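Listed below, chain by chain, are the residues.
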Amino acid sequence: MTTMESLIGLVNRIQRACTMLGDYGGGDNNAFSSLWEALPSVAVVGGQSSGKSSVLESIVGRDFLPRGSGIVTRRPLVLQLHKTEDGSQEYAEFLHLARRKFTDFSLVRKEIQDETDRITGKTKQISPVPIHLSIYSPNVVNLTLIDLPGLTKVAVEGQPESIVQDIESMVRTYVEKPNCIILAISPANQDIATSDAIKLAREVDPTGDRTFGVLTKLDLMDKGTNALDVLEGRSYRLQHPWVGIVNRSQADINKNVDMIVARRKEHEYFATSPDYGHLASKMGSEYLAKLLSKHLESVIRARIPSITSLINKSIDELESEMDHLGRPIAVDAGAQLYTVLEMCRAFERIFKEHLEGGRPGGDRIYGVFDNQLPAALRKLPFDRHLSPHNVRKVVSEADGYQPHLIAPEQGYRRLIDGALNYFRGPAEASVDAVHFVLKELVRKSIGETQELRRFPTLQAEIAAASNEALERFREDGRKTVVRLVDMESSYLTVDFFRRLPQEVEKGGNPAALTTDRYAEGHFRRIGSNVSSYVGMVSETLKNTIPKAVVFCQVREAKQSLLNHFYIQIGKKEGKQLSLLLDEDPALMERRQQCAKRLELYKAARDEIDSVSWAR
């Protein structure tokens, strides 16, 4: 195979592989589709009944395209021709029918029609979703051709009014690309000035650098006329020479005349024509295929540096994504255990970063201590509990049948016990609030641990183990803060009350106080004294409750969140570890796709290097 054939064949293989991997035409719209578009291809453009199908069949040498009146081509057909060794069997493959080889080309025609109907229905609607067909034959040159729906001027019955604009917009999406070579098909028995293909090509390629003009139906022109003005570039000049084609007649098509015979008849027509004999060597479908192939080779050579650069960029992106997705999991139990432990450590590292300030979230725990706990303490109903009426009731009940003689100590104790019991609520609420913050940080940390994204089962196990540990820490925290409150109730600060009689003495005449023992002012003073003591305890608990919560919950979460889980993991056997590493099928598929792309691009880079060095 020549260097030219190798280079174009390489481009075909890359385009084919990109298509199979979903990088083009499947609506994926990912970053790698740019490689497909960077490779040159040939778009076949023409009005309805201009002879597009006949030109394509002449180039291929096979009768394989649907025929009929109106819009026959209703979806783009991406046709990739692969030249094979002489004597090898011809066959076709569709992308949507993987591994099925068609050797009967009448079945290829039927499949194109069926696949078109599958998307558009048995109507005259069109669809931009392409059909991908590869043909392997010793009678073709390496080319990628895109057959597009024929341009039309009027919507017929069964078509929406927008069909004219829809077709033109679809065709433009292909021919506007700078790497697209335009094969503009025009019938010779119509004025070139009315050619839809030339009109569109002139708009998207005003210099004509990307346009090849093809004149069909030369044998159908009126007697005494010819198309030399067009073919010799006088009517409309292009940068590349016009090529004339003689299609099979309808009678030949009806008789199923072999395409090889049709090529020979076409050659004879030009060789014996008095009008076109001097151009015979540059006319016909075989010459057109070779001309396109030669032009493709020159375009590819000019674009090798940019294509190589794009491939290298894609390789870097793919390798980065492979690192992000992670490498395949080993089957060895020891390696699997190591993998599980590594991912657990990665999760714990992120969790600690949240607590210690490297990542947001841990500050919410401080918010519990600095805002929620003080606010809850301020809202406790001490005013109601220490109102004169309730103080009188509690003191009287504490005295029993014998009223107190000097100070109502039992009444004080009952009032203080009742008040301190109110601290249980804010203390336990602080424990719960921190618990919910820790649970949320566990959830966030699991989501932020890239390594874990591959394994939903392991994620669930780590979440369950973490939450189970947090529940144990919460229980310890609740017991500890309640114990702090109980400690305040079990032993009252004596010095506080020893100061009270001195303050009473400073306040005035003791006799007056005695006579006021059962007046409201007496009970108000008792309530005020108890309130002062409770306030002192409140300040103490406002400092000690956060210490207890941090010690029992936050500190333990940092140091031993997964300790129990590690013990359980160490007891698991290989099969159980495999279940933990049951990877998300979507990620497995994504890694496989990335690996295939990476293999494709590396092979393409090596082949391009070898071909470019050989020129």
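For the structure, see preceding data.
Here is a short report on the structure shown in this document. Because the structure is a prediction, the values reported are computed rather than measured.

1. Some thoughts on the overall build of the protein
Link 1 in the chain: Counting its regular elements, the protein contains 23 helices and 9 strands.
Link 2 in the chain: Expressed as a percentage of the 615 residues in the protein, the buried residues total 49%.
Link 3 in the chain: Once local pairs closer than 6 in sequence are excluded, the contacts in the protein between residues at least 24 apart make up 81%.
Link 4 in the chain: Here the protein displays about 30,400 Å² of accessible surface, and carbon together with sulfur accounts for 51% of that area.

2. What about the nonpolar core?
Link 1 in the chain: Counting 66 residues, the largest nonpolar core has Phe423, Leu458 and Ile462 as the members making the most contacts within it.
Link 2 in the chain: In contact with leucine 458, other than residues within four places in its own chain, are Val340, Met343, Leu452, Phe565, Leu580 and Leu581.
Link 3 in the chain: By size, the runner-up hydrophobic cluster in this structure holds 39 residues, among which are Ala43, Ala197, Leu200 and Ala201.

3. What to know about the packing of aromatic side chains
Link 1 in the chain: Throughout the structure, instances matching the rule amount to 8 aromatic pairs.
Link 2 in the chain: Aromatic pair tyrosine 269 and phenylalanine 270: ring centres 5.4 Å apart, planes at 80°, arrangement edge-to-face.
Link 3 in the chain: Judged by relative accessible area, which is 25%, tyrosine 269 ranks as partly exposed.
Link 4 in the chain: Their ring planes at 80° and their centres at 6.0 Å tell us that phenylalanine 382 and tyrosine 422 sit as a pair that is edge-to-face.

4. Considering helix α6 (residues 196-204)
Link 1 in the chain: Taken residue by residue, α6 has Ala197, Ile198, Leu200, Ala201 and Val204 as its buried positions. All buried residues of α6 project into a common sector of 165° when viewed along the axis, lining one side.
Link 2 in the chain: Taken together, the buried residues of α6 touch β1 (41-46), α5 (163-175), β7 (180-187) and β8 (211-216).

5. A closer look at the sheet that holds strand β6 (residues 143-147)
Link 1 in the chain: Within the open sheet, the 9 strands sit side by side as β4-β3-β5-β2-β6-β1-β7-β8-β9. Their pairing is mixed. Both outer strands of the open sheet, β4 (101-102) and β9 (243-244), are each paired with one neighbouring strand and no more.
Link 2 in the chain: Two strands pair when backbone bridges link them, and β1 and β6 are joined in this way by 3 bridges, in the parallel orientation. Bridge pairing in β6 links valine 42 to leucine 145.

6. Some words on the pattern of salt bridges
Link 1 in the chain: On inspection of all chains with the given rule, the structure shows 29 salt bridges.
Link 2 in the chain: Salt-bridge contacts for lysine 602 lead to glutamate 319; the nearest nitrogen and oxygen are separated by 3.3 Å. Of this pair, lysine 602 sits in helix α23 (residues 585-614) while glutamate 319 sits in helix α10 (residues 285-325), and the two are 283 residues apart along the sequence.

7. Observations concerning the environment of alanine 197
Link 1 in the chain: Counting through the fold element by element, alanine 197 comes out in helix α6.
Link 2 in the chain: Once residues lying within four places of it in the same chain are set aside, the contact partners of alanine 197 are Val45, Gly46, Leu151, Ala184, Ile185 and Ser186.

8. Some remarks on helix α9 (residues 259-272)
Link 1 in the chain: Given a rise of 1.5 Å per residue, 14 residues ought to cover 20 Å, and the 20 Å separating the end C-alpha atoms of α9 matches this to within 8%.
Link 2 in the chain: All of the buried residues along α9 are Met259, Ala262, Arg263, Glu266 and Phe270. Along the long axis of α9, the arc covered by the buried residues comes to 105°, so they all point the same way.
Link 3 in the chain: Contacts from the buried residues of α9 go to α3 (52-60), β9 and α10.

9. Brief notes about the pairing of β7
Link 1 in the chain: For β7, the buried fraction is high: 8 of the 8 residues fall into the buried class.
Link 2 in the chain: The side-chain alternation of β7 yields two buried faces, one formed by Cys180, Ile182, Ala184 and Ser186 and the other by Ile181, Leu183, Ile185 and Pro187.
Link 3 in the chain: The pairing of β1 with β7 spans 6 bridges and is parallel. Its bridge partner being in β7, glycine 46 is matched across the sheet by isoleucine 185.

10. Focus: the pairing of β8
The side chains of a regular strand alternate, first on one face of the sheet and then on the other.
Link 1 in the chain: Counting buried positions along β8 gives 6 out of 6 residues, so the element sits mostly inside the fold.
Link 2 in the chain: Residues Thr211, Gly213 and Leu215 line one face of β8 and the alternating positions Phe212, Val214 and Thr216 line the opposite face, and both faces are buried.
Link 3 in the chain: Bridging between β7 and β8 involves 6 bridges; their strand directions are parallel. By the bridge assignment for β8, isoleucine 182 is matched with threonine 211.
Link 4 in the chain: What joins β7 to β8 is α6, and the crossover it makes is right-handed.
Link 5 in the chain: Across 2 bridges, β8 lies against β9 in parallel orientation. Of the residues in β9, the one forming a bridge with leucine 215 is glycine 244.

11. What about unusual backbone geometry?
Trans is the common state for peptide bonds, and a negative phi is the common state for residues other than glycine.
Link 1 in the chain: Phi is positive for lysine 217, which is not a glycine, with a value near 60°.
Link 2 in the chain: Inspection of the secondary structure puts lysine 217 in the loop between β8 and α7 (228-231).

12. Thoughts on the environment of arginine 591
Link 1 in the chain: The topology assignment puts arginine 591 in helix α23.
Link 2 in the chain: Arginine 591 sits in the buried class, given a relative accessible area of 7%.
Link 3 in the chain: Separated by 267 residues in the primary sequence, arginine 591 and histidine 324 have C-alpha atoms spaced 9.7 Å apart.

Definitions and limits used
- The residue count restarts for each chain, going from 1 along the sequence in the order it is written.
- Local features in this predicted model are restricted to residues whose pLDDT is 70 or higher, and side-chain atom pairs enter the listing and the counts only when it is 80 or higher, whereas totals over whole chains, interfaces and linings include all residues.
- Excluded from the side-chain calculations are hydrogens and water; all other atoms, namely the structure's heavy atoms, are used.
- The secondary structure listing takes helices from DSSP runs of H or I that are at least 4 residues long and strands from runs of E that are at least 2 residues long, numbered from the N terminus.
- A simple rule labels every residue: compare its accessible area, found with a 1.4 Å probe on the protein chains alone, to the largest value its type can have, and call it buried under 20%, exposed over 50%, or partly exposed in between.
- Contacts between residues were defined by any pair of non-hydrogen atoms, one from each residue, lying within 4.5 Å.
- Per-residue and other accessible areas follow the Shrake-Rupley method at a 1.4 Å probe size, with only the shown protein chains counted as cover for residues.
- Residues enter a nonpolar core if they are buried and are Ala, Val, Leu, Ile, Met, Phe, Trp, Tyr or Cys, with the set joined through side-chain atoms within 4.5 Å.
- Note on aromatic pairs: the rings of Phe, Tyr and Trp (six-membered ring only in Trp) are paired at centre separations within 6.5 Å, and the planes decide the class, stacked below 30 degrees, edge-to-face beyond 60, tilted for the rest.
- Along the arc lie the directions from the helix axis toward the C-beta atoms.
- Strand pairing is assigned whenever DSSP identifies at least 2 bridges connecting the two strands.
- Each salt bridge in this description consists of a side-chain nitrogen of Lys or Arg and a carboxyl oxygen of Asp or Glu lying within 4 Å of one another.
- Helix span is expected to be 1.5 Å times the residue number reduced by one.
- Look down the strands so they point away from you; if the path from the first strand over the helix to the second goes clockwise, the crossover is right-handed.

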